[in-house]
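Notes for the structure review
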Amino acid sequence: MAEPINIRQSIVVRSRPDVLYRLALEPRRRVRWDPNLVRAEYQGGDGRLSNNVLVRFKFSRRLLGLSFTAKYGQLQAPLRGGWESVRNVGPLERLTQGWNFKAMPGGTEVTLTVNGRVRFNWVRRPIERILHNMVASTLLELQRQVDAQGAQLMEDMGREMQRKQQEEKKAAREAAKAARRKR
């Protein structure tokens, strides 16, 4: 039996824990921003995030394109949550993913933990490298997703301010024209 693979990485994200919780754990939202996932959909049930709900995932090609079913558990919004594979995931006997969200001044400390147990010892190192890359890229993409939302909000606010300034200038010009006509 091979040694387990345990990967744990943290990052501070400028967002509230409840927003990050939904982004990271809700399958439909997650598949939109995470490049490691090609598909994520609820399997049966009412399609809501809850303990013991089954979700069907498909990894991207760089993660061997593996498809698997996972069962959500330990959900405690907005603090933590995760899932565990129901059966083998390719060369892995078991794969789990856990998220922790700790509020702090200026944002949230997000910790992503991935644990796995390989079925064959000779495949441990390459799989561990793949999982490390997956964890790092997932956290970076989560940060980008949050920054993109903030950037979009700032861009929208900038456009709105520019539109208002243009309207004010136009109104001032028209008022000046009207004043000149009265003379």
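Residues numbered from 1 in each chain as written. Predicted model: local features only at pLDDT ≥ 70, side-chain atom pairs only at ≥ 80, totals over all residues. Heavy atoms only, no water.

**Digging into the nonpolar core**
Inclusion rule: In plain words, nonpolar cores are sets of buried Ala, Val, Leu, Ile, Met, Phe, Trp, Tyr and Cys residues tied together by side-chain atoms within 4.5 Å. Throughout, exposure labels follow a simple rule: accessible area from a 1.4 Å probe, protein chains only, divided by the maximum for the residue type, with under 20% read as buried, over 50% as exposed, and the rest as partly exposed. Secondary structure elements are defined from DSSP: runs of H or I of at least 4 residues count as helices, runs of E of at least 2 residues count as strands, and each element is numbered from the N terminus. Here, two residues are considered to be in contact whenever any of their heavy atoms come within 4.5 Å of each other.
Ranked by internal contacts, the top residues of the largest apolar core, which has 41 residues, are Phe 57, Leu 95, Trp 99 and Leu 131. Among the elements that make up this core, the one with the highest residue count is helix 3 (residues 124-182) (7 residues). Once you skip the residues sitting within four places of it in the chain, Leu 131 turns out to touch Ile 5, Ile 7, Leu 92, Leu 95 and Val 114.

**Section: the pattern of salt bridges**
What counts is decided by this rule: Any carboxyl oxygen of Asp or Glu that lies within 4 Å of a side-chain nitrogen of Lys or Arg is treated as forming a salt bridge with it.
Evaluated as defined, the whole model comprises 9 salt bridges. Note that Arg 22 is salt-bridged to Asp 18, the shortest N-O span being 3.9 Å. Here Arg 22 and its partner Asp 18 are both found in helix 1 (residues 17-25), 4 residues apart, which amounts to about one turn of the helix. Here Arg 124 and Glu 128 are joined by a salt bridge, their closest N and O atoms 2.8 Å apart. Taken as a pair, Arg 124 and Glu 128 lie in helix 3 at a separation of 4 residues, close to a single helical turn. Here the salt bridges share partners, and the residues they tie into one network are Arg 16, Asp 18 and Arg 22.

**Here we look at the packing of aromatic side chains**
In plain terms, the rule: Side-chain rings of Phe, Tyr and Trp, where Trp is taken by its six-membered ring, are said to pair if the distance between their centres is within 6.5 Å; with planes under 30 degrees apart they count as stacked, over 60 as edge-to-face, and otherwise as tilted.
As enumerated under the stated definition, the model contains 7 aromatic pairs in all. Between Tyr 21 and Phe 101 the ring centres are 6.1 Å apart and the planes differ by 70°, which places this aromatic pair in the edge-to-face class. Residue Tyr 21 is located in helix 1, and its partner Phe 101 is located in strand 6 (residues 92-104); the two are separated by 80 residues in the primary sequence. Among the aromatic residues, those joined into a ring-pair cluster are Phe 57, Phe 59, Phe 68 and Trp 83.

**Considering the sheet that holds strand 1 (residues 4-13)**
What counts here: Between any two strands, at least two bridges found by DSSP are needed for them to pair. To define axes, lines are fitted to C-alpha atoms, for helices over the stretch in contact only, and angles between the resulting N-to-C directions are given on a 0 to 180 degree scale.
Across the sheet, which stays open at both edges, the 7 strands sit in the order 1-7-6-5-4-3-2 with antiparallel pairing between neighbours. Edge positions in the sheet fall to strand 1 and strand 2 (37-42), since each of these pairs with one other strand and no more. The mean inter-strand angle of the sheet, taken between neighbouring strand axes irrespective of direction, is 20°. Two strands pair when backbone bridges link them, and strand 5 (residues 80-85) and strand 6 are joined in this way by 5 bridges, in the antiparallel orientation. Within strand 6, the residue paired with Trp 83 across the bridge is Gln 97. Strand contacts of helix 1: strand 1, strand 4 (67-76), strand 5, strand 6 and strand 7 (107-118), with the helix running at about 165° to strand 6, the strand carrying the most contacts.

**Some thoughts on the pairing of strand 5**
Bridge analysis of strand 4 against strand 5 gives 5 bridges, and the strand direction is antiparallel. Bridge pairing in strand 5 links Ala 70 to Ser 85. Between strand 4 and strand 5, which pair antiparallel in sequence order, lie 3 residues. Counted along the chain from strand 5 to the antiparallel partner strand 6, the turn is 6 residues long, and its residue Gly 90 has a positive phi close to 55°.

**Considering the confidence of the model for the protein chain**
What counts is decided by this rule: As a per-residue quantity, pLDDT reports the predictor's confidence and falls between 0 and 100.
Per-residue confidence for the protein chain averages 87 on the pLDDT scale, and 93% of its residues sit at or above 70. Considering each helix and strand of the protein chain separately, the mean pLDDT is smallest for helix 3, with a value of 82, and largest for strand 5, with 94.

**Topic: the side chain of Gln 143**
Within the secondary structure, Gln 143 sits in helix 3. For Gln 143, the residues in contact, after removing those within four places along its chain, are Ile 11, Val 12, Val 13 and Arg 14.

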